[in-house]
2 protein chains.
Amino acid sequence: MKKINVGIVGLGTVGQGAIEILQKHHADFCRDQEVDLQLVAVSSRHDQAAHALGLLDIYSADLAHVTQNPEVDIVVELIGGVDAAYDCVRAAIAAGKCVVTANKALIATHGRELMRLAAEQGVEIAFEASVGGGIPIIGPLRHTLASNRIESVLGIVNGTTNYMLTQMSSGDLDYATALREAQALGYAEADPTADVEGYDAAAKAAILATIAFNTDVRLHQVATEGITRLAPIDLAAAAKAGYAVKLLAIAQRVGADGSSGIDVRVHPTLLPQAHALASVQGVFNAIFVVGDFVGETMFYGRGAGAGPAASSVVGDLIELARHRAFREVVAQPIWDTEDLPVLGLDAVQGRFYLRLTVADEPGVLSAVAAVLASHAISIASLTQQQSEPGQAELLFFTHETAETAVRKATEDLQKASLLASEALVLHIL
Amino acid sequence: MKKINVGIVGLGTVGQGAIEILQKHHADFCRDQEVDLQLVAVSSRHDQAAHALGLLDIYSADLAHVTQNPEVDIVVELIGGVDAAYDCVRAAIAAGKCVVTANKALIATHGRELMRLAAEQGVEIAFEASVGGGIPIIGPLRHTLASNRIESVLGIVNGTTNYMLTQMSSGDLDYATALREAQALGYAEADPTADVEGYDAAAKAAILATIAFNTDVRLHQVATEGITRLAPIDLAAAAKAGYAVKLLAIAQRVGADGSSGIDVRVHPTLLPQAHALASVQGVFNAIFVVGDFVGETMFYGRGAGAGPAASSVVGDLIELARHRAFREVVAQPIWDTEDLPVLGLDAVQGRFYLRLTVADEPGVLSAVAAVLASHAISIASLTQQQSEPGQAELLFFTHETAETAVRKATEDLQKASLLASEALVLHIL
C-alpha cells in the first residue's frame, strides 16, 4: 500500500468537508484505490478550525508549513482569491508537489502559467471543483469526451443566480426580494456582486472554454452580464413565449467549419422550455456539452456547498495519488494546444428579447420601430404593457439579427431620448 | 510522439464509427493528447466493410490477425454476443494487449474473470461504451466520484424502451403500435426481446452496480421485468397521479448503514414528475447517481447509435493509449473490493401501482380488497374503469409495503380466480 501525504491550505467549509471525507472514507480508499491518503499538514490564517478538528499538532499559520514540507506529496489549495493562492500554488509546484485546487479565479487568471510550471516540474494540477461543484465535468471533457471535437458548452454554473431566477419565475418575486431570500438561506453572500453580476460564472466559463477548445481563455476575455436588471415582467414575457430565463455560461466554436475562433460569454438567456437546461431548478447546476460524435450530453448536480465541492477535491486527490503511486512519468498537461482566437460579441448572431421603457404617448412606438428598422432588426412579436403612470413597456422578440445591430439600435434609441430607462437586451438560444 | 497501434475486431456501425473518429481526429489526438493512434489491423466475418472503408490491406477474417498481432497494442472488441467475444478478449489479454469493449453482456457475465486476467498480464480493460452509449458514466464513477460512498444509481439505460414509453404516454399509442413505430425508425430491432424484456438494461444495471459498489454483480443476479405488459391505461393513471413511467435500472445499498447488501433490478417504475429522470424523453439515456458527499448528480445523453458509442470507445482508446505511452506501471483494476451480498427482491419495501382486471360483478371489489388487507397492503387510492364488456380494471396505488406482500397477494388473487388476466404490478419510486 502506497502512502501519499496530503497537506491542506485553507480550512473553510470546503477544507473541513475534504478532511471529513478523508477521515470517513480512509479505509475505503485503502481498500478500493490502493492508496493510503494521510493528512500530514494543515494551514489557515487562524487556528480555530484546526483546534475544532483536533488537528493542532499538524497545524501552522504559515502556509510554507504545507507547501515547503518535505513530507507532503500533494497540496490542496483552498484559500480562495487570486494573489495569495497564486503564490501558494507556485511555491508548492516549485517544491515538487502536485496541487489540487477549487479556485476558479486562480485557474481562469493564471491557469496557463501554472500548467507550464507544473509541466516543468513534472507534477500535476487538478481543479475539478473549480466548475460545477460536485459535478464531474473537467474529467469527462478531458477523458471520455476527448474523442470528440467539442462544438459548444452551455452551463448553468452559478447556483445563487439560478435559485433567484427560479424563485422570480415561479414565485413572481422581484429581484430584491429573491436576493434577500437567497441571502437568508445562505445561498447568496452579504455582498452578492460576484454571483449576481456574473463574475463567478465568467471564471467558470473561461475554464470550460479552455478545456473544451484547448485554448487558453482568461477571465477578462469573457463578455459578462449579470441578472441585476431582470424583472418579473421579463420572466413572465419569456414564459408566455415558451422560454425559461437562465444565467448561461456559453462557449462555442464560431465559423462555418468551427475553427475561426471561439465565443465565450455569460449573460441571462432565454432558453426554449424543452431544452434540457431549462428544467434545472434552484441551486442545482448543469453543463450541456455538444460534441461532433457524442451529440448532446448533460452533467447535472450540486454546484456549491461543502459536500459537493469536497467530493470533487478528494476525487482529484485520489486520482493524483494513484498517479503518484502507480506511474513513473507524468503526461504533459493539455492546455492551449489548439489556441483559437477568442472573438468578441461582434461575431454573434442570434435572436433577442428587448424590454424598452418608453413614454406612453402617440408616435413613440412608430419612432422606436423606425430605429429598429434602420438597423435591419426584424420583429417577431411585440407586446405593450403599462408600467408606471405615463410609461409603457415595449417587449420585443426579434428574428435572427446581429448582436452589434441590437447594440447600435439601443444606443440610437437612447440618443433620440426615446427611452425612459436603459434598454434591457436578452439573448435567445 | 508515442505511436500506439490499434486493432479492431468487428466492423459493424460502432466499429465503423470508431474508424471514422480515428481518421477525422487523428491530427487532433496527436496535437492534444500526444499519442499517435494508428489503425494497423481489422477483422470481421465478411470483408464488405473493410472493402468499403479501403482497409482490405489490414483486414483478415481471422480475428487472431488482430488479437495475436505483435504490432497491436490495444484491441477493440466490437463483435457483440458473449462467447466469441469472451474468447477474443481472453486471447488479446493473454497476448499482452489492452482491450476496449462496448460489450455489456460480456462485462456483465465475465467481468471479474477478465479483470483478473488483465491484472495478471499488467494490461487494462476499458468499457465506457457498455453503459449509456456516449454518456461518460464509468469514468466519473471510477474517478471524480470515487471520493463518495455511492448510495444509489438509477438509470434510464435503454433508449428503445424509453422511446416507446415516451410515445405511449404522449401519443396515447398502445404497446404494439409504439413498437412498430420504433422498429420503423430503426430504434428497435426486428426481434426486440432484449430491449423490451429488460435484458439489455439488466446487463447495464449489473455493470453500474459493480462499479458503484465495488461488488461483482452478474447479469443473472439482476431481477428483471420488461415493459411488454404496459398499456396506455397504466401510463394515463400514472400521469394523473403525478408520475412518469420509465424502465429503470436500479442499484442501491440496503440496510440502515447501507452495508447489509445491495439490491439490483430492472423494471418499469413510476417516477414523480419532478424527478430529474422523469423528463428524459425519447431515445435519450440518463443515469442518476447519489453519493454521500456529492448528493444528487445526473449524466444525460444519447445511449445508442454509432456516433455516441464510438465516442466512448475512442475516449477509452485515448486513455489507454496515454497510459501505455506515459506510464510504466498499470494500477490494479478495482472490481470487487467491497463484495457485498446481492439481495433478492424480498429486501425491497416500497409503494406500488397494481392493475387488476376483474369481472364486473357485485362482490368482486370487496373480495379483492379483503385479499389485499389480509397481506396488510394499505391502499392509497383506487380507480375503477370499464374495459372489455363485463370486465373492470381496478387501478390501485398502495402505501409503503413489502414487495413480497404484493407478490403473495397477487398469487392469492389468482388462486381465488378473481383475476381475468395476470396482475400488473409496478414499483413507485
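The residue count restarts for each chain, going from 1 along the sequence in the order it is written. Whichever chain is written first is A, and whichever ligand is written first is 1; the rest continue in order. Totals for whole chains, interfaces and linings use all residues, but because this is a predicted model, local features are given only for residues with pLDDT of at least 70 and pairs of side-chain atoms are given and counted only at 80 or more. Side-chain metrics rest on all non-hydrogen atoms present in the structure, leaving aside hydrogens and water.

## A word on the overall build of chain A
Within chain A, the secondary structure is distributed over 15 helices and 18 strands. C-alpha atoms define the radius of gyration, and 2.2 Å times the number of residues to the power 0.38 defines the globule rule. Whereas a compact globule of 429 residues would reach a radius of gyration of roughly 22 Å, chain A reaches 24 Å, a difference of no more than 12%. Along the three orthogonal principal directions, the C-alpha set of chain A runs to about 80 × 45 × 35 Å. Only protein chains enter the accessibility calculation, which uses a 1.4 Å probe. A residue is then buried if its area is under 20% of the maximum for its type, exposed if over 50%, and partly exposed in between. Within chain A, the fraction of its 429 residues that count as buried is 58%. For chain A, contacts bridging at least 24 residues in sequence account for 73% of all contacts bridging at least 6. Under the convention used here, a 1.4 Å probe and the Shrake-Rupley method define accessible areas, while residue burial counts only the protein chains that appear. Summing over all exposed atoms, chain A offers an accessible surface of approximately 15900 Å²; the carbon and sulfur share of this is 50%. As used throughout, the charge tally considers Lys and Arg to be positive and Asp and Glu to be negative, leaving His and the chain termini uncounted. Taken as the charge location is NZ of Lys, CZ of Arg, CG of Asp or CD of Glu. Each charge class in chain A can be summarised by its mean position, and for the 29 positive and 49 negative side chains these summaries are 3 Å apart. What counts as a helix is a DSSP run of H or I of at least four residues, what counts as a strand is a run of E of at least two, and both are numbered from the N terminus. Note on contacts: a residue pair is in contact if any heavy atoms of the two residues lie within 4.5 Å.

## Section: the sheet that holds strand 6 (residues 125–126) of chain A
Residues and elements named next belong to chain A. The sheet built from six strands is open, its strands ordered 3-2-1-4-5-6 with parallel pairing. The open sheet is flanked by strand 3 (59–60) and strand 6, the only strands paired with a single partner. Of the pairings in the sheet, the one linking strand 1 (residues 2–9) to strand 2 (residues 35–43) comprises eight bridges and is parallel in character. From the neighbouring strand, Val 9 faces strand 2, where its bridge partner is Ser 43. Sitting on the sheet, helix 13 (residues 306–326) is in contact with strand 1, strand 2, strand 4 (74–77), strand 5 (98–101) and strand 6, with an inclination near 165 degrees to strand 5. If DSSP finds at least two bridges between two strands, the strands pair. Orientation is described by axes fitted as lines to C-alpha atoms, over the contacting stretch for helices, and by angles from 0 to 180 degrees between their N-to-C directions.

## Some words on the relation of the copies chain A and chain B
Fitting of the copies onto one another was done by least squares over C-alpha atoms, counting residues only where both copies have pLDDT of at least 70. With an axial shift of 0.0 Å and an RMSD of 0.1 Å, the rotation relating chain A to chain B amounts to 180 degrees. Between the two chains, the operation in question is that of a two-fold axis. Counting the interface residues of chain A, we find that 100% of their copies in chain B are interface residues as well, pointing to one common contact surface.

## Concerning the packing of aromatic side chains
Think of it this way: a Phe, Tyr or Trp ring, Trp meaning its six-membered ring, pairs with another when their centres are within 6.5 Å, and the plane angle makes it stacked under 30 degrees, edge-to-face over 60, tilted otherwise. By the definition in use, this model includes nine aromatic pairs over all chains. A centroid spacing of 6.1 Å and a plane angle of 90 degrees characterise the contact between Phe299(A) and Phe299(B), whose relative ring orientation is edge-to-face. Of the two residues, Phe299(A) is situated in strand 12 (residues 295–302) and Phe299(B) in strand 12 (residues 295–302); the pairing between them involves two chains. There is no split in this pair, since Phe299(A) and Phe299(B) are both buried. Relative to Phe397(B), the ring of Tyr243(B) has its centre 6.2 Å away and its plane inclined at 15 degrees; by these criteria the two rings are stacked. Of the two residues, Tyr243(B) is situated in strand 9 (residues 243–254) and Phe397(B) in strand 16 (residues 391–398); the sequence distance between them amounts to 154 residues. Accessibility expressed as a relative area gives 11% for Tyr243(B), which makes it buried. We classify Phe397(B) as buried; its relative accessible area is 8%. Connected via pairs of aromatic rings, a cluster forms that spans Tyr243(A), Tyr353(A) and Phe397(A).

## Brief notes about the pairing of strand 4 (residues 74–77) of chain B
Residue and element names in this part refer to chain B. By the alternation rule, side chains of strand 4 split into Ile 74 and Val 76 and Val 75 and Glu 77, which are all buried. Two elements, strand 1 (residues 2–9) and strand 4, share four bridges in a ladder whose sense is parallel. Pairing of Val 9 across the sheet is with Glu 77, part of strand 4. As paired strands, strand 4 and strand 5 (residues 98–101) are joined by four bridges and run parallel to one another. Paired with Val 75 across the two strands is Val 99, which belongs to strand 5. Handedness of the β-α-β unit built from strand 4, helix 5 (residues 83–94) and strand 5 comes out right-handed. For crossovers, right-handed means that the path from the first strand over the helix to the second runs clockwise, given strands pointing away from the viewer.

## Notes on the side chain of Thr297(A)
Within the secondary structure, Thr297(A) is located in strand 12. Every residue in contact with Thr297(A), bar those within four places of it in the chain, is listed here: Leu145(A), Ile287(A), Phe288(A), Val289(A), Gly134(B), Tyr300(B) and Gly301(B).

## Considerations on the state of the cysteines
Cysteine sulfur pairs qualify as disulfides if the two atoms are within 2.5 Å. For the structure on display, the rule yields zero disulfides over all chains. Take Cys98(A): it sits in no disulfide, and the sulfur closest to it among the cysteines is that of Cys88(A), at 14 Å.

## What about the environment of Leu413(B)?
All names here are of chain B. One can find Leu 413 in helix 15 (residues 403–415). Along the chain, Leu 413 and Glu 77 lie 336 residues apart, while their C-alpha atoms are 49 Å from each other. In this structure Leu 413 touches Leu 356, Val 368, Val 371, Leu 372, Leu 418 and Leu 419, once residues within four positions along its chain are discounted.

## Focus on the packing of helix 1 (residues 13–24) of chain B against helix 2 (residues 26–33) of chain B
Residue and element names in this part refer to chain B. Remark: helix 1 packs on helix 2, axes separated minimally by 4 Å, with the N-to-C direction vectors making an angle of 65 degrees. Residues Ile 21, Leu 22, Gln 23 and Lys 24 of helix 1 touch helix 2, and the partners they reach there are His 26, Asp 28 and Phe 29. Basically, the charged four are Asp, Glu, Lys and Arg, the nonpolar ten are Ala, Val, Leu, Ile, Met, Phe, Trp, Tyr, Cys and Pro, and anything else, Gly included, counts as polar. The class makeup of the residues in the contact of helix 1 with helix 2 is three nonpolar, two polar and two charged.

## Some words on the interface of chain A and chain B
Opposite the 54 residues of chain A that make contact, chain B presents 54 residues. Each salt bridge in this description consists of a side-chain nitrogen of Lys or Arg and a carboxyl oxygen of Asp or Glu lying within 4 Å of one another. The interface formed by chain A and chain B contains two salt bridges. As a salt-bridge pair, Lys24(A) and Asp292(B) come within 3.0 Å of each other at their nearest N and O atoms. Residues adjacent in sequence count toward polar contacts only when both atoms are side-chain atoms; beyond that, a polar contact is any pair of N or O atoms within 3.5 Å, and within protein one must be able to donate a hydrogen and the other to accept it. Our enumeration of links across chain A and chain B arrives at 14 residue pairs in polar contact (both at pLDDT 80 or more). Looking at the side of chain A that touches chain B, the elements with two or more residues in it are helix 1 (13–24), helix 2 (26–33), helix 7 (138–142), strand 12 and helix 13 of chain A.

## As for the confidence of the model for chain A
Taken as a whole, chain A shows an average pLDDT of 93; of its residues, 98% reach a score of 70 or greater. For this predicted complex, the interface score ipTM comes out at 0.92, alongside a pTM of 0.93. Per residue, pLDDT measures the predictor's confidence, with a range of 0 to 100.

## Examining the pairing of strand 7 (residues 150–156) of chain A
All names here are of chain A. The buried fraction of strand 7 is high, at six of seven residues. Bridge count between strand 7 and strand 11 (residues 284–291): six bridges; the pairing is antiparallel. Bridge pairing in strand 11 places Ile 156 opposite Ala 286. Inspection of the sheet shows strand 7 paired to strand 9 (residues 243–254) by four bridges, in the antiparallel sense. Note that in strand 9 the partner of Leu 154 across the bridge is Ile 250.

## Digging into helix 14 (residues 364–374) of chain B
One full turn of an α-helix is made of 3.6 residues, so residues set three or four places apart face in the same direction. Residue and element names in this part refer to chain B. Every buried residue of helix 14 is accounted for by Val 364, Val 368, Val 371 and Leu 372. For helix 14, the buried positions fall inside an angular range of 100 degrees around the axis, keeping them on one side. Seen from the buried face of helix 14, the exposed residues on the opposite side, beyond 90 degrees, are Ser 366, Ala 373 and Ser 374. After helix 14 finishes, the residue Ala 376 shows a positive phi value of roughly 60 degrees. Comment: arc refers to directions from the helix axis out to C-beta atoms.

## A short note on the pattern of salt bridges
Applying the stated criterion across every chain yields a total of 28 salt bridges over all chains. Note that Glu403(A) and Arg407(A) form a salt bridge whose closest N and O atoms lie 3.2 Å from each other. Pair noted here: Glu403(A) and Arg407(A) are both in helix 15 (residues 403–415), with a separation of four residues, about one helical turn. Since its relative accessible area comes to 35%, Arg407(A) is described here as partly exposed. As a salt-bridge pair, Arg149(B) and Glu151(B) come within 3.7 Å of each other at their nearest N and O atoms.

## Considering the sheet that holds strand 2 (residues 35–43) of chain B
All names here are of chain B. Reading across the sheet, the six strands line up as 3-2-1-4-5-6 and stay open at both edges, with parallel pairing between neighbours. Two strands lie at the open edges of the sheet, namely strand 3 (59–60) and strand 6 (125–126), each paired on one side alone. Each of strand 1, strand 4, strand 5 and strand 6 is contacted by helix 5, which is oriented at about 175 degrees to strand 4, the strand it contacts most.

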